[in-house]
Every structure is written in structure tokens, then in C-alpha cells.
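This is what each chain is made of:
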Amino acid sequence: MKNRRVVVTGMGALTPIGLGIKAFSEGLFAGVSGANLITQFDASKFKTKFACELKGFKVEDYLDKKEARRMDPFTQYALVVANEAIADANFDHSTIDKTRFGVVMGSGVGGMQVFTQEVMDYVKGDGTPRFNPFFIPRMIIDIAAGRISIEHGLKGPNYASVSACATSSNCIIDAYMILKMGYADIMVAGGAEAPITISGVGGFNAMKAMSEDNENYLTASRPFDATRSGFVLGEGAGALILEDYDHAIARGAKIYAELGGIGMSADAYHITAPHPDGASVILVMQNCIKDAGLVPEDIDYLNMHGTSTPLGDIAETKAIKQVFGEHAYKMNLSSSKSMTGHLLGAAGVVEAIASILSIQEQCVSPTINFTTPDPECDLNYTFNQAQPRTINAAMSNTFGFGGHNACVLFKKV
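Just so we're clear, the structure is a prediction, and the values are computed from it rather than from any experiment.

Visitor: Outline the overall build of the protein chain, listing residues and values.
Guide: Scanning the protein chain for helices and strands turns up 13 helices and 15 strands. The globule rule puts the C-alpha radius of gyration for 413 residues at 22 Å, and the 20 Å found for the protein chain is close to it. The principal-axis extents of the C-alpha atoms in the protein chain amount to approximately 65 × 55 × 40 Å. Within the protein chain, residue pairs in contact and separated by at least 24 positions form 80% of the contacts whose partners lie at least 6 positions apart. A total of about 15700 Å² of accessible surface is found on the protein chain, and carbon and sulfur atoms cover 54% of it. Looking at charge distribution, the protein chain has the averaged site of its 34 positive side-chain charges lying 3 Å from that of its 43 negative ones.

Now the structure itself:
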């Protein structure tokens, strides 16, 4: 692999705790809960009646309304965050070589809203197939990357990676490798998800994966708490501009952080359940630290996958202890999902942004909603309040159904 450094020069985010990077950052360090009762459909008959929705999002504030109707919400979100990240990177579009500017933008489930609605409309009808001609182009996962490419005339590598909840971390990793190999100079990388639908909530309820604590929905996402009862579904998107370091310096770009290392592994264990001892989670973190040329003691902060599931939080904690030893008790950990809920395929990039913001602010965002200690979760999870500390290196873990594990590491520049 060529010896090119990869840096972050732009960011964009739509999250349940803030629309845009500035609002997301404010909500993140303030410890805001993004949970609310579901408004997008009547959830009264569902076991779970709450989620982390985007609040105040009106697509017409960001995109042409007519064109937006031809997109599933996940694609709308992807295009909005890509636009923000590209604007944030402050390119001179008259001089940038767009044949070396690409996109890797993924989603865990893609156009679930469009798919659900089209099938429901068919069932309600007279049996004659009257599907929208934009049904397929609105539904397919790669269309988000395609839309971004078309919007900005980006002719470099362009595709989607899909690995369930590890999706957008894998997109970041793919973009990193493309830049390292010299196939592009700039990449948009990230993910988008809009799963708060009848089929999304119904499907995860059937798996018994989501919290059903409807009476306490504001605090239902409580990773590492002894009373945790499952994840809270979220929606949103994030995008990073990843750029070759020399290219960024030559154009005078601001640099948020360096993407210093990546890790990947597979559980090879179960389609949904984590390995109880976190065996391949150990491997993915070790791979990431090694790729960065660091040792475990160099890591100051780890944004955990931390979904608030009874088994997952313990397995990840065990793995961290194995990788970091005594240093596991000296570093700061936290779970952004306590605030945003679980954004599925968009989780990795949003949590990568949280890690970068922690380096920028020299402050660790909190894990909120903690009240009851779990003796098997005994590390410093930065409960309930942000904590200032020196952060030179921050990692972010993401794991997906199917046993997909991805880890990214950012360094202060």
C-alpha cells in the first residue's frame, strides 16, 4: 500500500440530537436524548412505540422538493450530509480534478420506506401492479452514492458498501484504502438510514432486539446500565471528506484529524448474536491499533458500539479489557447511541464524527441515562456528563449483524 496519509477535511451530519455538524456537536456534549414517541406512523399496536427521529427536518429546506420526491428518505439524508461536508471542505470547484474525487456511501437497509409503501399500495389495490417507475431507483442502496456523484459531477470511484450496522465504518475504510492506493485524491464517505417504518420497527420487535420500555422512552437507550433492555432505533446520516494529506496541504485545507488506522474482522459465530467473549472484536481493535502504528496505551478515547443490549455491552467490555489491559481503566469510553439511538448503517460515520469532535474539543461526550451499575460493565464509560481530557488518539467501534466488525482510529494533527 502506498505511503499516503489520509485526513478529514469536511464533515456533515443529520442526527436525532441535531441537524448539521454544529447542532450535533452541541447536542453531543450536552448529553441530549434524541428519543421521542414515533410520529411517522401509528405505532400504537407495536411493542415499541418510540424511536430517535430527526426532529425539525424538512427536506425542502435542503433539496429541490420535486427532485426529493424521487428519493427515499435515506437518499435525501445522504445527499444533505454530503452537501454539507463538501461545502465544509471549501473546495475550489473550478480547479479540483473531479475524476479523482469519489464517493463510498452506504446504508444498512436502504429504501425501506419506499419498499414498504409500494407493497402496501399494491395489497390495498385491485391486484393490478401499478408500481411507481421510480420504485427501484428510490430503493436500491447504491443510489445514494450515485445521487451525490451526479449532484457534484464526481467521476472517481463510486459505490456503496453494505455490512449492516458496520456499513458506514466500512465505507470509511474503503475510501481510506482507495486514497492510500492512489486511485483518488478526495473521497466522500459515510452512510444514511431511514428505518423508522412499519416494517423496520415490526421487524426489529420480532427479533426482540429493541427496548420496549415505552414508559421511560427518553432514557430507554442506557448502555452499560444494569436495567438496559435493548437498543432504540434511530435515523440519520453522516459524511466525511477524506483527502490525501499532501493534496489537502497544497490547497490550504483545514484539517480536522488524520484517519490513522483501520481494522476489520468477522465473528464467524452467529447471524445476530455477538461472540460472548468478543473474540473477533478483540481482533478488530488490535488490527486497527497495529495499522495506525500505535500501541494500546496510546489510545485516549474509544467510542464504543454500545447498543444498550444485555449481551452486546458485556461482550464489548470484555474485549476492551483483553486488548487494553490495565489501560482500559485509564482511558475514557462512551456510547453515542445513548443519545442518538442506533442509526444502523449510519451509526459508524456518526460515531466517527463524534470521535473527531472529541479530538477537536479535547472533551469526551457522555454516555447518558445511567442509574444502575452493572458489575460486568466496570470501565469509565463517561456517564451522564461530558469530561474534558487530552485526546491525541480516538477509536470508534462498529459491529453488524452477520458478524461484521469494523474499527477506525483518528489522530490529532
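Visitor: Any details on the packing of helix α4 (residues 112–124) against helix α8 (residues 198–206)? Residues and values, ideally.
Guide: Axis separation between α4 and α8 bottoms out at 8 Å; the angle between their running directions is 100°. Taken as axis vectors, α4 and α8 run roughly perpendicular relative to one another. Note on element contacts: α8 touches α4 through Ile198, Ser199 and Gly200, opposite Met112, Thr116 and Met120. Classifying every residue of the contact of α4 with α8 gives 3 nonpolar, 3 polar and no charged.

Visitor: Run through the packing of helix α1 (residues 21–30) against helix α13 (residues 347–361), naming residues and quoting values.
Guide: The geometry of α1 relative to α13 is characterised by a closest axis approach of 11 Å and an angle of 75° between their N-to-C directions. The angle between α1 and α13 places the two elements in the roughly perpendicular class. Contact residues: α1 offers Ile21, Phe24, Ser25, Leu28 and Phe29, while α13 offers Val350, Ile353, Ala354, Leu357, Ser358 and Glu361. Of the residues that constitute the contact of α1 with α13, the class distribution is 8 nonpolar, 2 polar and 1 charged.

Visitor: Explain the nonpolar core residue by residue, including any values.
Guide: Grouped together as the largest cluster of nonpolar side chains are 48 residues, with contacts concentrated most on Met11, Phe24, Ile172, Leu240, Leu242, Ile353 and Phe410. Core analysis: the next-biggest nonpolar cluster, separate from the first, contains 33 residues, Ala78, Ala89, Phe91 and Ala239 among them.

Visitor: Go over the pattern of salt bridges with me, naming the residues and quoting the values.
Guide: Opposite charge on two side chains permits pairing when their charged atoms draw close. Under the definition given, this model contains 16 salt bridges. With its nearest N and O atoms 2.5 Å apart, the salt bridge here joins Arg147 to Glu67. With a gap of 80 residues between them, Arg147 in helix α6 (residues 143–152) and Glu67 in helix α2 (residues 65–68) connect regions that are remote in the sequence. Judged by relative accessible area, which is 19%, Arg147 ranks as buried.

Parameters at a glance
- Residues numbered from 1 in each chain as written.
- Predicted model: local features only at pLDDT ≥ 70, side-chain atom pairs only at ≥ 80, totals over all residues.
- Heavy atoms only, no water.
- Helix = DSSP H or I, 4+ residues; strand = E, 2+ residues; numbered from the N terminus.
- Rg over C-alpha atoms; globule rule 2.2 N^0.38 Å.
- Contact = heavy atoms within 4.5 Å.
- Areas by Shrake-Rupley, 256 points an atom, 1.4 Å probe, with all protein chains shown as cover.
- Lys, Arg positive; Asp, Glu negative; His and termini not counted.
- Charge placed at Lys NZ, Arg CZ, Asp CG, Glu CD.
- Axes fitted to C-alpha atoms, helices over the stretch in contact; angles between N-to-C directions.
- Parallel < 35°, antiparallel > 145°, perpendicular 65-115°, else oblique.
- Nonpolar A, V, L, I, M, F, W, Y, C, P; charged D, E, K, R; others polar.
- Core = buried A, V, L, I, M, F, W, Y, C linked by side-chain atoms within 4.5 Å.
- Buried < 20%, exposed > 50% of the residue type's maximum accessible area, 1.4 Å probe, protein only.
- Salt bridge = Lys/Arg side-chain N within 4 Å of Asp/Glu carboxyl O.

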